[in-house]
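Spelled out, the chains give:
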Amino acid sequence: MSINVKNLFKYYGTQEVLKGISFDIEGSGVTGFLGPNGAGKSTMMKILSGVISPSSGSAKINDMDVLVYPKKIKSITGYLPEHNPLYLDMYVKEFLYMTATIYKVPQKQKAVSKAIEMTGLGSEQTKRIGNLSKGYRQRVGLAQNLLHNPDVLILDEPTTGLDPNQIVDIRNLIKEMGKEKTVMLSSHIMQEVEAICGNIIIINNGEIVADGLTSSLKLQATGQVTEVEFLEPPNTDILEREDFVETVNSTKPNVFLVKGCNNRDIRPELFKWAVKNNMTIISLQQKESRLEDIFRLLTKQNS
Ligand SMILES: Nc1ncnc2c1ncn2[C@@H]1O[C@H](COP(=O)(O)OP(=O)(O)OP(=O)(O)O)[C@@H](O)[C@H]1O
Ligand SMILES: [Mg+2]
């Protein structure tokens, strides 16, 4: 299972929306696709699912070019668009059965029941889609994309508009899907991305500005920072001169943020330094680095 994009451009008239982007997603797992409004996320996702064509460059799913094998791509890909269009006059079960028929799913009834169960639609399955709440409509969209058991799932802001309980349920479902499928998900909720995405790609103004493990990207913004509280104000001049220290910043008279050299965890060295210099440490903890910081750092010129 893989998604490979190489030097891909997309123009809308004279507007260059995707500017030669390249990335690779290999194997199962959930990859977060982030970027400010208008960055080109939905455009990229539409290209991957074969809804629109790139202007140049290539996009491949499981080593098949989306332009060369459009039908095959649709049979192995599930795509949940940003504003998921549904047939509002159809009933949930009827709609899913129709979708399963279009996808030529074997054992349609079984596939529909499984998708209903996975997306928690049991109590709503006999209702008209137009009568469902926003969250349940979103679930119908997800169920629709699970029927043919695709290898690759492309989800454009799947949890937008859901209440906190539904968000948790859908996130868990996506996480579960990620165990056996390649899932690419766009979202503006950093907390969500941190919770479910092992890898992250950030796009800004049509260009990829970050691509890597969520854990290492988070560290890029702030580095490894230790928050240390001393019993009495220390002599920060001598601390700043230590080889293991890059910067020292005070947040309160006795509390300091100490950034380690070479992005390393300096808590053991800091503790030994305090003992050597007769300083008493009250607390010592690794400062949580946030995805929001790296997102803002890499995309702020656009916002
Ligand atoms: N069909 C279209 N015709 C003309 N311009 C378009 C079309 N679709 C998208 N665009 C433009 O392409 C740019 C990228 O849009 P896109 O929808 O890919 O952004 P996005 O990253 O998904 O943003 P958001 O976070 O707001 O969903 C925007 O400037 C948008 O106006
Ligand atoms: Mg979008």
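Residues numbered from 1 in each chain as written. Chains lettered and ligands numbered in written order. Predicted model: local features only at pLDDT ≥ 70, side-chain atom pairs only at ≥ 80, totals over all residues.

Asker: Would you take a moment to explain the overall build of the protein chain for this structure?
Answerer: The secondary structure content of the protein chain amounts to 11 helices and 14 strands. Its C-alpha atoms give the protein chain principal-axis dimensions of about 75 × 45 × 30 Å. Evaluated residue by residue, the protein chain yields a buried proportion of 35% over its 303 residues. Expressed as a percentage of contacts within the protein chain between residues at least 6 apart in sequence, the contacts between residues at least 24 apart total 67%. (Helix = DSSP H or I, 4+ residues; strand = E, 2+ residues; numbered from the N terminus. Buried ≥ 20, exposed ≤ 12 C-beta atoms within 10 Å, placed from the backbone. Contact = placed C-beta atoms within 7 Å.)

Asker: Please clarify how the packing of helix α3 (residues 92-102) against helix α4 (residues 108-118) should be interpreted in this entry.
Answerer: Each pair of packed helices can be summarised by the angle the axes make with each other and by the distance between the axes. One can describe the packing of α3 onto α4 by two numbers: an axis separation of 9 Å at closest approach and a directional angle of 125°. Compared by their axis directions, α3 and α4 come out oblique. At the point where α3 passes α4, the crossing takes the right-handed sense. Contact with α3, carried on its side by Lys93, Leu96, Tyr97, Ala100 and Thr101, involves Lys108, Ala111, Val112, Ala115 and Ile116 of α4 and no other residues of that element. A breakdown of the residues in the contact of α3 with α4 according to their chemical character gives seven nonpolar, one polar and two charged. (Axes fitted to C-alpha atoms, helices over the stretch in contact; angles between N-to-C directions. Parallel < 35°, antiparallel > 145°, perpendicular 65-115°, else oblique. Left-handed = near helix turned anticlockwise from the far one by under 90°. Nonpolar A, V, L, I, M, F, W, Y, C, P; charged D, E, K, R; others polar.)

Asker: Explain the site of ligand 1 to me, please; I cannot follow it from the model alone.
Answerer: Within the structure, ligand 1 sits among Tyr12, Val17, Gly35, Asn37, Gly38, Ala39, Gly40, Lys41, Ser42, Thr43 and Glu82. For the shell around ligand 1, the element with the highest residue contribution is helix α1 (residues 41-48), accounting for three residues. Tallied by class, residues from the shell around ligand 1 come to three nonpolar, six polar and two charged. (Near = placed C-beta within 6 Å.)

Asker: Sorry if this is basic, but what is going on with the pairing of strand β10 (residues 207-213) here?
Answerer: Two faces belong to every sheet, and in a regular strand the side chains alternate between them. Across six bridges, strand β9 (residues 199-204) lies against β10 in antiparallel orientation. For Ile201, the partnering residue across the bridge sits in β10 and is Asp211. (Pairing = 2+ DSSP bridges.)

Asker: Just checking my understanding: could you explain the nonpolar core for this structure?
Answerer: Nonpolar side chains in soluble globular proteins generally cluster together in the buried interior. Ranked by size, the top nonpolar core spans 42 residues in total, and within it Leu48, Ile154, Ile174, Val183 and Leu185 carry the most contacts. The contacts of Val183, once residues within four sequence positions are left out, are Val30, Thr31, Leu153, Leu155, Ile174, Met177 and Gly178. Residues Phe95, Ala115, Tyr136 and Leu142 belong to the second largest nonpolar core, which totals 16 residues. (Core = buried A, V, L, I, M, F, W, Y, C linked by C-beta atoms within 7 Å.)

Asker: Is there a simple way to think about the sheet that holds strand β13 (residues 255-260) in this case?
Answerer: Across a sheet, paired strands are connected by hydrogen bonds in the backbone, their directions being either parallel or antiparallel. The strand order β12-β13-β11-β14 describes an open sheet built from four strands, whose pairing is antiparallel. Of all strands in the sheet, those bounded by a partner on one side alone are β12 (245-252) and β14 (281-286). Neighbouring strand axes in the sheet, compared pairwise and without regard to direction, differ in orientation by 20° on average. Sheet topology note: the β12/β13 ladder contains six bridges and is antiparallel.

Asker: Even after reading the chapter, I still don't get the packing of α3 against helix α5 (residues 134-146), so can you show me in this structure?
Answerer: Contact geometry of α3 with α5 gives a least axis separation of 9 Å together with a crossing angle of 30°. Relative to α5, the element α3 is oriented roughly parallel. The chirality of how α3 crosses α5 is right-handed. Seen from α3, the contacting residues are Val92, Phe95, Leu96 and Thr99; seen from α5, they are Val140, Ala143 and Gln144. Looking at the contact of α3 with α5 residue by residue, the classes come out as five nonpolar, two polar and no charged.

Asker: I would appreciate a short explanation of the domain arrangement of the protein chain in the present structure.
Answerer: A common way to report how large an interface is uses the accessible area buried once the components associate. Segmentation of the protein chain into domains returns domain 1 (2-213) and domain 2 (223-287). Each of domain 1 and domain 2 was reduced to a C-alpha centroid, and the two centroids are 45 Å apart. (Domains from an automatic or database assignment.)

Asker: Is there a simple way to think about the environment of Asp243 in this case?
Answerer: Among the secondary structure elements, Asp243 is positioned in the loop between α9 (236-240) and β12. A C-alpha to C-alpha distance of 43 Å links Asp243 and Asn4, two positions 239 residues apart in sequence.

Asker: Even after reading the chapter, I still don't get helix α8 (residues 214-222), so can you show me in this structure?
Answerer: Because the α-helix completes a turn every 3.6 residues, residues three or four places apart line up on one side. Among all positions in α8, only Thr214, Leu217 and Lys218 are buried. Looking straight down α8, one finds its buried side chains confined to an arc of 100°; they lie on one side. Of the residues flanking the end of α8, it is Gly223, one or two places downstream, whose phi is positive at about 70°. (Arc of directions from axis to C-beta.)

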